[in-house]
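Notes for the structure review
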Amino acid sequence: MPTPNYAFFRGRVVPYSEAKVGVMTHALNYGTAVFGGLRGYWNSDEQQLFVFRPLDHFRRFLQSAQLLLMEFPYTAEQLADATMELLRTEDYHTDCYVRPLGFYGDELIGVRLHNLHPELSIVSVPFGRYVSNEEGAHVTISSWRRVDDNSIPARGKLAGSYVNSAFAKSDAERAGFDEALVLNQDGHISEGSAENFFMIRNGVVHTPPVTDNILEGITRRTVISLLREELGLEVVERSIDRTEVYLADEAFFSGTGVQIAAIIKVDHRPVGSGKMGPVVSELRDLYFNVVRGKVQKYRHWCAPVYEAEREPAR
Ligand code: PMP
């Protein structure tokens, strides 16, 4: 993966080589950091880079920070502006990924969340696919359980909790699967290692509720709107049993990285026909048009990075 050329660090855009921390850094030792993940989509017809739902992403980022008692002197709008400045400096004319990180930068020994000093960085790299098999993922039910709200809240994007995701992802990949489906403490489906889960049974879409130890995904929210408003489907947020997935007609993951990935097999059991189904197929086509700014109704979700070409003067 290419490294960034620049970073937004300590309040300004600097060369990436200047965005450095020491090995004593609190966040590096104790996982006391929060992060975000946004995508920029290049629209070649318009010669424009669109960042998808930046304000929603930065609002969630600041809420994750709030969970760790981090206070930043920035609003979501200011962080979105900083991202735009960073991307213009990088001058990307390609799809990219944006990674904001808030972390306790203190170099000291002592586990706690209070009396520490939060720091903030934003970087971006060119980015394509996150999972290789977006059209037909084979997933496994992980033997790892999702972190619980009373242990490390999955609702926030807290760096330390991604050890839980990493356990699930590595075991799944090393066993030959594309991704893991993780159960929560009471045995219901929570989500993938870094993506939300949906399934379709008898024409109704189901997804776990935000109280089942999931990240409150921005793509999840996007997908729920598109399924209801554009595909005219009922979407129900409720706990999902493991064996309901075995009997689903279609299933998919949603997330900034994974976008919309069809799940076609679970532990060698075909989901529905064992091929990407009609709902997932239609949703993917729609989603890719929406994120690239090609659907006027949802254009407000797409923030342009570059100034639009001026209309020629008449
Ligand atoms: N769940 C987890 C654990 C994640 O890391 C992600 C990726 N951010 C998601 C779900 C999807 O969230 P979003 O749609 O906001 O990218």
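Residues numbered from 1 in each chain as written. Predicted model: local features only at pLDDT ≥ 70, side-chain atom pairs only at ≥ 80, totals over all residues. Heavy atoms only, no water.

Considerations on the overall build of the chain
Secondary structure assignment for the chain yields seven helices and 17 strands. In summary, the chain has a C-alpha radius of gyration of 20 Å against a globular reference of 20 Å for 314 residues, a match within 12%. With the principal axes as the frame, the chain shows a C-alpha extent of 65 × 50 × 30 Å. Residue pairs at least 24 apart in sequence account for 71% of intrachain contacts in the chain once pairs closer than 6 positions are excluded. Just so you have it, the chain exposes about 14600 Å², and 49% of that area is on carbon and sulfur atoms. Averaging the locations of the 33 positively and 41 negatively charged side chains of the chain gives two centres separated by 1 Å. (Helix = DSSP H or I, 4+ residues; strand = E, 2+ residues; numbered from the N terminus. Rg over C-alpha atoms; globule rule 2.2 N^0.38 Å. Contact = heavy atoms within 4.5 Å. Areas by Shrake-Rupley, 256 points an atom, 1.4 Å probe, with all protein chains shown as cover. Lys, Arg positive; Asp, Glu negative; His and termini not counted. Charge placed at Lys NZ, Arg CZ, Asp CG, Glu CD.)

Concerning the site of the ligand
By nearness alone, 17 residues border the ligand, and Arg60, Tyr162, Glu191, Thr219 and Thr256 come closest of all. In this structure, a nitrogen atom belonging to the ligand sits 2.8 Å away from a side-chain N or O atom of lysine 157. Glutamate 195 is positioned such that a nitrogen or oxygen atom in its backbone is 3.5 Å from a nitrogen atom of the ligand. For the ligand, whose unbound accessible area comes to 380 Å², protein coverage reaches 97%. Judged by its atoms lying within 2 Å of the grid points, the ligand is housed in the largest pocket. Sorting the residues of the shell around the ligand by element identifies α2 (54-67), α5 (218-229) and β14 (250-255) as the ones contributing at least two each. Among the residues making up the shell around the ligand, the classes are represented as four nonpolar, eight polar and five charged. (Near = heavy atom within 4 Å. Polar contact = N/O pair within 3.5 Å; in protein donor to acceptor, adjacent residues only side chain to side chain. 1 Å grid on protein atoms, 1.4 Å probe; cavity = no way out; pocket = protein on both sides within 12 Å on 5 of 7 lines; lining within 4 Å. Sits in = over half its atoms within 2 Å of the grid points. Nonpolar A, V, L, I, M, F, W, Y, C, P; charged D, E, K, R; others polar.)

Overview of helix α7 (residues 278-291)
Counted at 1.5 Å a residue, the expected span for α7 with its 14 residues is 20 Å, and the 20 Å between its end C-alpha atoms agrees. When we look at burial in α7, the residues that qualify are Val279, Val280, Leu283, Arg284, Leu286, Tyr287, Val290 and Val291. Following α7 by one or two positions, glycine 293 has its phi on the positive side, about 80°. (Expected span 1.5 Å × (residues − 1). Buried < 20%, exposed > 50% of the residue type's maximum accessible area, 1.4 Å probe, protein only.)

Concerning the domain arrangement of the chain
If you check the domain split of the chain, you get domain 1 (6-126) and domain 2 (137-295). Spacing between the C-alpha centres of domain 1 and domain 2 amounts to 25 Å. Across the contact, 24 residues belong to domain 1 and 22 residues belong to domain 2. Of the roughly 2000 Å² buried between domain 1 and domain 2 on both sides combined, carbon and sulfur atoms contribute 58%. Here domain 1 and domain 2 share two salt bridges between them. A salt bridge links aspartate 95 to arginine 292; its shortest N-O distance comes to 2.9 Å. One can count 14 residue pairs in polar contact (both at pLDDT 80 or more) joining domain 1 with domain 2. Mapped onto the side of domain 1 that touches domain 2, the elements with two or more residues apiece are β3 (33-35), β4 (38-43), β5 (48-52) and α2. Partitioned by chemical class, the residues of the side of domain 1 that touches domain 2 number 11 nonpolar, six polar and seven charged. (Domains from an automatic or database assignment. Buried area = accessible area lost by both parts, 1.4 Å probe. Salt bridge = Lys/Arg side-chain N within 4 Å of Asp/Glu carboxyl O.)

Here we look at the side chain of threonine 256
As for its placement among the helices and strands, threonine 256 is situated in the loop between β14 and β15 (259-266). Taking relative accessible area as the criterion, threonine 256 reaches 15% and is therefore assigned buried. Here the side chain of threonine 256 touches glycine 37 through a polar contact of 3.5 Å, landing on its backbone oxygen. Aside from chain neighbours lying at most four places away, what touches threonine 256 is Gly37, Leu38, Arg39, Tyr41, His57, Tyr97 and Thr219.

Quick word on helix α3 (residues 76-90)
In an α-helix there are 3.6 residues to a turn, and that puts residues three or four apart on one side. With 15 residues, α3 extends 21 Å between its outermost C-alpha atoms, agreeing within 8% with the 21 Å of an ideal straight helix rising 1.5 Å per residue. Among the residues of α3, Ala76, Leu79, Ala80, Ala82, Thr83, Met84, Leu86, Leu87 and Glu90 are the ones counted as buried.

Points about unusual backbone geometry
The phi torsion at asparagine 213 lies on the positive side, around 60°, for a residue other than glycine. Along the polypeptide, asparagine 213 turns up in the loop between β12 (204-207) and α5. Residue classification places asparagine 213 among the buried positions, given a relative accessible area of 9%. Positive phi outside glycine occurs at aspartate 267, with the angle close to 45°. Mapped onto the fold, aspartate 267 is located in the loop between β15 and β16 (269-270).

Here's the deal with the pairing of strand β6 (residues 96-104)
By the criterion of burial, β6 is predominantly enclosed, with seven of the nine residues buried. Across three bridges, the pairing between β3 and β6 is antiparallel. The residue bridging phenylalanine 35 from the neighbouring strand is leucine 101, located in β6. Bridge analysis of β6 against strand β7 (residues 118-126) gives nine bridges, and the strand direction is antiparallel. In the strand pairing of β7, tyrosine 104 is matched with proline 118. (Pairing = 2+ DSSP bridges.)

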